[in-house]
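Residues per chain, in single letters:
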Amino acid sequence: MQNLILKLNSHFPRMEAAKLSSLIFILLFLFRGVVSQDYGLALTNLLLFYEAQRSGKLPDNQRVHWRGDSALTDGSDAGVDLVGGYYDAGDNVKFGFPMAYTITILAWGVVEYSSHFNGKNQLEYVLDTIKWGTDYFIKAHHQPNLLYAAVGDGESDHRCWERPEDMTTPRTVFWIDEQHPGSDLAGETAAALAAASIAFADVEPDYSAELVSHAEQLFDFATNYQGKYSDSIPAVNKYYSSSWYQDELAWAAAWLHRATQNQEYMDYLGNPPGGTGGPRTMFSWDDKYVGVQILVAKYVLEEQVQDAGNWKRYKDQLEKYLCNCIQRGNNNVVRTNGGLLWFNQWANLQYVTAASLALVVYADYLKAAGHSIICPAGLVNPEDLTSFAKSQVDYILGENPRGTSYMVGYGSNYPQMVHHRAASIISIKQNTGPVGCAVGYADWYNRNQSNPNVIVGAIVGGPDQNDTYSDDRNNYQQGEPATATAAPLVGVLARIA
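Residues numbered from 1 in each chain as written. Predicted model: local features only at pLDDT ≥ 70, side-chain atom pairs only at ≥ 80, totals over all residues. Heavy atoms only, no water.

Engineer: Looking at this structure, I do not really get helix α16 (residues 382-396). What am I missing?
Structural biologist: One turn of the α-helix equals 3.6 residues, which is why residues spaced by three or four share an orientation. For α16, built from 15 residues, the straight-helix expectation of 21 Å at 1.5 Å per residue is met to within 8% by its first-to-last C-alpha distance of 22 Å. Burial analysis of α16 places eleven of its 15 residues in the buried class, which makes it a mostly covered element. Here α16 has its buried residues at P382, L385, T386, F388, A389, S391, Q392, V393, D394, Y395 and I396. Directly beyond the C-terminal end of α16, a positive phi value near 130° is found at G398. (Helix = DSSP H or I, 4+ residues; strand = E, 2+ residues; numbered from the N terminus. Expected span 1.5 Å × (residues − 1). Buried < 20%, exposed > 50% of the residue type's maximum accessible area, 1.4 Å probe, protein only.)

Written as structure tokens, this is what we have:
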């Protein structure tokens, strides 16, 4: 397909860009049924990406061998062990807010599709991926009303280009407590632990119970001491500032109810202090209302609650978002000429992957209940939602005007100069000599060559609104991968593989 696109450009040099893009989109649509993606391989790759993002002492079964142990004294300044967890993206900071969202979403995939993971021999790996995060959260929550929020200072980290294995930047510790609340962070972490408890319920019941206990304490902390974590910790504002916290509280309540069946959490959802969210325009690490609406709509479809009042509002508002995603609503999400949903110029694929997970999960809920959606443009069946989600996955994997796979290591044409410190500097396994702050920028960041380490499975930020992408290490808007971007795709790929 990539060769065909190149030929079209060479044979029709004077064709208007818009017309050529339209022609390419039509050809992509016609070829969609012909080009076959290896979703199983893509799923395997995604889970390898999380091994490349690990912080701490790496396990014996580590499969990404160019990485080494790192940040082995994290938390020591505060007298606590905070070794472990994940680096959020292409830097060496551990931000708890997106990490918690990542674990919630990964666990959701297992809750819905554990048999699919098992069928592809990936269940053990995805559970290991989740546990690497939940083990860290347990360490970070050793008192009921205290949660460590981040390790590492974003400002100093971004002034340096170093491998995590020998970084020299400060490992500053940040936290929330009764005097410095963070309902969003505590709520999201509660959601992560509750969702993970369901994923581990059959394989590690004692661990599952431990996760639930921490989740319940964190929910109480989040509701009793309310406030935004980014107000309590200004240092995170440039990176992961929170818009609000009522969505995380409802998200935590939804997952805690599913994990415990405790009526307290259902009552919270029935009369949510922040409302039911309204029709959303995106689903992301900062906005969880779509996720809440899906989990509650399941109860409506199963007739566990009445299709009235707030319960109906959750479901109706969710379906408006989904109708807009699949271009059947009154306020449709913008699409590129190549067919990709377009939400934001900065790391757009994080919103695309989240929308895709919402589509496939709700499609399965609808199918199980024998229901469809009535969108403004007409009847939409569960298969329509799944098909649209697959079109987004296929675009990411290479069925797009550039013929580029936005998953590193998948296909023959993928980004080579990903904005990622560890991937862009020679592995410590090959050269144990330290790579200093300035040397990293001079010798590796500014090096106009492919990264020495292929960070297999990483999902970069993605193309712009014109389906174009610049493979440049300095292009962090498009070229930086993040754990939060890849997480929803794990569940989607398990479902469709």
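What follows picks up the thread again.
Engineer: Help me understand the side chain of N400 in this model?
Structural biologist: For N400, the position within the fold is in the loop between α16 and α17 (421-424). Looking at N400, the relative accessible area reads 1%, which means it is buried. For N400, the side chain forms a polar contact with the main-chain oxygen of Y395, separated by 2.7 Å. Only 2.6 Å separates the side chain of N400 from the backbone oxygen of T404, close enough to count as a polar contact. (Polar contact = N/O pair within 3.5 Å; in protein donor to acceptor, adjacent residues only side chain to side chain.)

Engineer: I would appreciate a short explanation of the pattern of salt bridges in the present structure.
Structural biologist: Pairing of side chains with opposite charge becomes possible as their charged atoms draw close. Within the structure shown, the criterion is met by 19 salt bridges. For E112, the salt bridge identified is with R258, shortest N-O distance 3.1 Å. Residue E112 is found in helix α4 (residues 96-119), and its partner R258 is found in helix α11 (residues 246-260); the two are separated by 146 residues along the sequence. The residue K288 makes a salt bridge to E188 at a minimum N-O spacing of 2.6 Å. Here the residue K288 occupies a position in the loop between α12 (263-270) and α13 (289-301), and E188 occupies one in helix α7 (residues 183-199), the gap between them amounting to 100 residues. Overall, the relative accessible area of 0% leaves E188 in the buried class. Connected through shared salt-bridge partners, E51, R54 and R63 make up one network. (Salt bridge = Lys/Arg side-chain N within 4 Å of Asp/Glu carboxyl O.)

Engineer: Would you take a moment to explain unusual backbone geometry for this structure?
Structural biologist: Generally, phi is negative for residues other than glycine and the peptide bonds are trans, each holding for most cases. The phi dihedral of Q327 falls on the positive side, at around 70°, and the residue is not glycine. Tracing the sequence through the fold places Q327 in the loop between α14 (309-325) and β4 (334-335). Residue Q327 is classed as partly exposed on the basis of its relative accessible area, which comes to 24%. Located in the positive-phi region is A347, a residue other than glycine, with phi close to 50°. By the element assignment, A347 lies in the loop between β5 (341-342) and α15 (349-369). Looking at A347, the relative accessible area reads 11%, which means it is buried.

Engineer: Can you walk me through helix α3 (residues 39-52) in this structure?
Structural biologist: The end-to-end C-alpha distance of α3 is 20 Å, a good match for the 20 Å that 14 residues give at a rise of 1.5 Å each. Packed against the buried residues of α3 are α4, α5 (123-140), α16 and α20 (483-496). (Contact = heavy atoms within 4.5 Å.)

Engineer: What is the right way to look at the pairing of strand β2 (residues 147-151) in this model?
Structural biologist: With five of its five residues buried, β2 lies for the most part within the structure. In terms of strand pairing, strand β1 (residues 94-95) meets β2 through two bridges, oriented antiparallel. Looking at β2, one finds that K94 is bridged to V151. Of the strand pairs in this sheet, β2 and strand β3 (residues 173-176) are connected by four bridges, and their pairing is antiparallel. Across the sheet, L147 pairs through a bridge with I176, a residue of β3. (Pairing = 2+ DSSP bridges.)

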